[in-house]
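Tertiary structure, described
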Amino acid sequence: MFLASSTDLRRLVAQLQHTHDVWAPQPDPGSGQVFFDRLADAERWSPGAPLPAMPPKEVFLPQMDCILRYRYDRQRQEATLWPSVDERPKALVGIRPCDLAGLQCLDRFLIGQDFVDEVYLAHRRKTLIVVETCTEPFPHCFCVCTDSGPAAREGYDLSITDIGDGNEPLYLAEAGSDEGRALAEAGGWPVAGRREVERGREVVDRSIARFPDLAKKNKAWISRTMNRVTTGFIKPGTWEYVGRQCFECGGCSFVCPTCSCFTIEDVACGADVWERLRTRDSCSLEGYTRMAGDHNPRKPVEDRRNKRFFCKLSYAQSKKYLRPGCVGCGRCVWVCPGDIGMPNVVRYIHREVAD
Ligand code: SF4
Ligand code: SF4
Ligand code: SF4
């Protein structure tokens, strides 16, 4: 473990900008809302900033991505392909632990199984990650229920925790890879002593204690809900109730760090030249499962809501992700106009179990 000051970290970021496309949380000067965006200036990185409105999946699975260009010669019936992949090394600085867990879900789903998504892999292959421990939870956070925060346990190159006295930040920096260690050593960061390591543990314990009681109580509820969702032992009335609340806007999927659904569309962009675009999709939208001939196996909205929560909480999905499909970031609570973010649905199911 090492110690780093704010100046050390900004120096590191400035140095990474020579070799990497650096992404970090930055407050929007107009709205004050925080976004995880490309960092043009190391000074704009805002350590300690609240959880960004959108998860960093934008870096690897953007809202819209041109994955291929092609020309089709109609006379010869021949196609010429120009794959469009972004292989620049990327550095994610200040990603929060829940979002890192979300990224690991995407990795397991898109490149960790039999079929590898080559476009995602090209975006993701050379990534350096500096994760920031949350020294206190933000509103709606419940990572303590889903085992994904407030400190990261794996998947990073450097994990930083502010152990300062509240006036001047001082970061305890743990290397999670040879690359992370090399960066800390190259920066001349001193090795942390026993007291500082102990202080790092205290900061995480204090952060856990600051989660609202509701989040702490949800821990048991979530495991019981996982059991119910997996066994299908939920009264149909519950999904109908959830379905009636849903506006079918898709917001919960777009902001969720673990949602990976997308659709593909070919768009003409010149004489006989097309671009193949990948755009995000959502299981809440009726068209998502509509097939040729207008057949739709998930036409009623409650069937689509049922699908979302099965995807987040079932054992089958946990086996795929090697963890629950919800990382407790709370973004679906922020965005849902129908008030059916994850904790509320867990509560509805729990209420049914208790009845
Ligand atoms: S959910 Fe946990 S890890 Fe994510 S921002 Fe909130 S406190 Fe941090
Ligand atoms: S389901 Fe909601 S709380 Fe869970 S990871 Fe997705 S957006 Fe975050
Ligand atoms: S954000 Fe809420 S209302 Fe919109 S699709 Fe998701 S569950 Fe339905």
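This report concerns the structure included in the present document. (Residues numbered from 1 in each chain as written. Chains lettered and ligands numbered in written order. Predicted model: local features only at pLDDT ≥ 70, side-chain atom pairs only at ≥ 80, totals over all residues. Heavy atoms only, no water.)

With the rule as written, the count across this model stands at three cavities of 30 Å³ or more. Taken as a whole, the largest cavity encloses approximately 120 Å³ of empty space. Taken together, 18 residues make up the lining of the largest cavity; nearest its centre are Cys246, Cys252, Arg305, Cys336 and Ile340. Here the lining of the largest cavity takes three residues from helix H11 (residues 301-313), the largest share from any one element. When the residues that make up the lining of the largest cavity are grouped by side-chain class, the tally is 10 nonpolar, five polar and three charged. Roughly 100 Å³ of volume is contained in the second largest cavity. In terms of lining residues, the second largest cavity is bounded by 15 residues, among which Cys256, Arg308, Cys326, Cys329 and Cys332 are the most central. Contributions of two or more residues to the lining of the second largest cavity are made by H11 and helix H13 (331-335). (1 Å grid on protein atoms, 1.4 Å probe; cavity = no way out; pocket = protein on both sides within 12 Å on 5 of 7 lines; lining within 4 Å. Points joined across faces, edges and corners; volume = space filled by probe spheres on them. Helix = DSSP H or I, 4+ residues; strand = E, 2+ residues; numbered from the N terminus. Nonpolar A, V, L, I, M, F, W, Y, C, P; charged D, E, K, R; others polar.)

Before going further, it helps to examine the site of ligand 1. In the neighbourhood of ligand 1, the contacting residues comprise Leu51, Pro97, Cys98, Cys134, Pro137, Phe138, Cys141, Cys143, Phe211, Gly328 and Cys329. Along the lines of polarity and charge, the residues of the shell around ligand 1 split into 10 nonpolar, one polar and no charged. (Near = heavy atom within 4 Å.)

This brings us to the pairing of strand S7 (residues 127-132). Across the six residues that make up S7, a large majority, six, are buried. Here S7 shows two buried faces, one formed by Thr127, Ile129 and Val131 and the other by Leu128, Val130 and Glu132. The sheet contact formed by strand S6 (residues 90-95) and S7 spans five bridges and is parallel. Among the inter-strand pairings, Leu92 is bridged to a residue of S7, identified as Ile129. (Buried < 20%, exposed > 50% of the residue type's maximum accessible area, 1.4 Å probe, protein only. Pairing = 2+ DSSP bridges.)

Our focus in this paragraph is the sheet that holds strand S4 (residues 64-73). With antiparallel pairing, the four strands of this open sheet are ordered in space as S5-S4-S11-S10. A single partner strand is all that each edge strand has here, and the edge strands are strand S5 (78-83) and strand S10 (262-270). Taking each pair of neighbouring strands and ignoring which way they run, the sheet shows an average axis angle of 25°. Both S4 and strand S11 (residues 273-280) contribute to a ladder of seven bridges, which runs antiparallel. When the sheet's bridge partners are listed, Tyr70 is paired in S11 with Trp274. (Axes fitted to C-alpha atoms, helices over the stretch in contact; angles between N-to-C directions.)

With 14 residues, helix H3 (residues 97-110) should cover 20 Å at 1.5 Å per step; its first-to-last C-alpha distance of 20 Å lies within 8% of that length. Buried residues dominate H3, accounting for 12 of its 14 residues. Among all positions in H3, only Pro97, Cys98, Asp99, Leu100, Ala101, Gly102, Leu103, Gln104, Cys105, Leu106, Asp107 and Leu110 are buried. On its buried side, H3 packs onto helix H2 (57-60), S6, helix H4 (118-124), S7, helix H12 (315-321) and H13. (Expected span 1.5 Å × (residues − 1). Contact = heavy atoms within 4.5 Å.)

For the rest of this paragraph, the subject is the side chain of Arg96. In this structure, Arg96 sits in the loop between S6 and H3. Within polar-contact distance, the side chain of Arg96 engages the backbone oxygen of Ala49 at 2.8 Å. Residues contacting Arg96, with those up to four places away along its chain left out, are Gly48, Ala49, Leu51, Val131, Glu132, Thr133, Cys134 and Phe138. (Polar contact = N/O pair within 3.5 Å; in protein donor to acceptor, adjacent residues only side chain to side chain.)

This paragraph deals with the pairing of S5. Of all six residues in S5, zero are buried; the element is thus mostly exposed. Taken together, the six bridges between S4 and S5 define a ladder with antiparallel strand orientation. Each residue of the ladder has a partner; that of Arg71, found in S5, is Thr80.

Attention shifts here to the site of ligand 2. Neighbouring ligand 2 are the residues Phe142, Cys256, Pro257, Arg308, Cys326, Val327, Gly328, Cys329, Gly330, Cys332 and Met342. Among the cavities detected, the one that contains ligand 2 is the second largest cavity. For the shell around ligand 2, the class distribution of residues is eight nonpolar, two polar and one charged. (Sits in = over half its atoms within 2 Å of the grid points.)

Bringing unusual backbone geometry into the picture now. Note the cis peptide between Gly149 and Pro150, where omega equals 5°. Mapped onto the elements, Pro150 comes out in the loop between helix H5 (143-146) and strand S8 (158-162). Despite not being glycine, His140 shows a phi value in the positive range, around 80°. Examined against the element boundaries, His140 turns out to sit in the loop between S7 and H5. Non-glycine residue Asp294 carries a positive phi angle of around 70°. Summarising the element assignment, Asp294 is placed in the loop between S11 and H11. Overall, the relative accessible area of 58% leaves Asp294 in the exposed class.

Moving on, we get to H11. Here H11 is 13 residues long and its end C-alpha atoms lie 19 Å apart, about the 18 Å a rise of 1.5 Å per residue gives. By the burial criterion, the buried members of H11 are Val301, Arg304, Arg305, Arg308, Phe309, Cys311, Lys312 and Leu313.

For the structure on display, the rule yields five aromatic pairs. Ring centres of Phe109 and Tyr321 lie 6.5 Å apart, and the angle between their planes is 75°; on these two criteria the pair is classed as edge-to-face. Of this pair, Phe109 sits in helix H3 while Tyr321 sits in helix H12, and the two are 212 residues apart along the sequence. Classification of Tyr321 as buried rests on a relative accessible area of 2%. (Phe/Tyr/Trp six-rings, centres within 6.5 Å; stacked < 30°, edge-to-face > 60°.)

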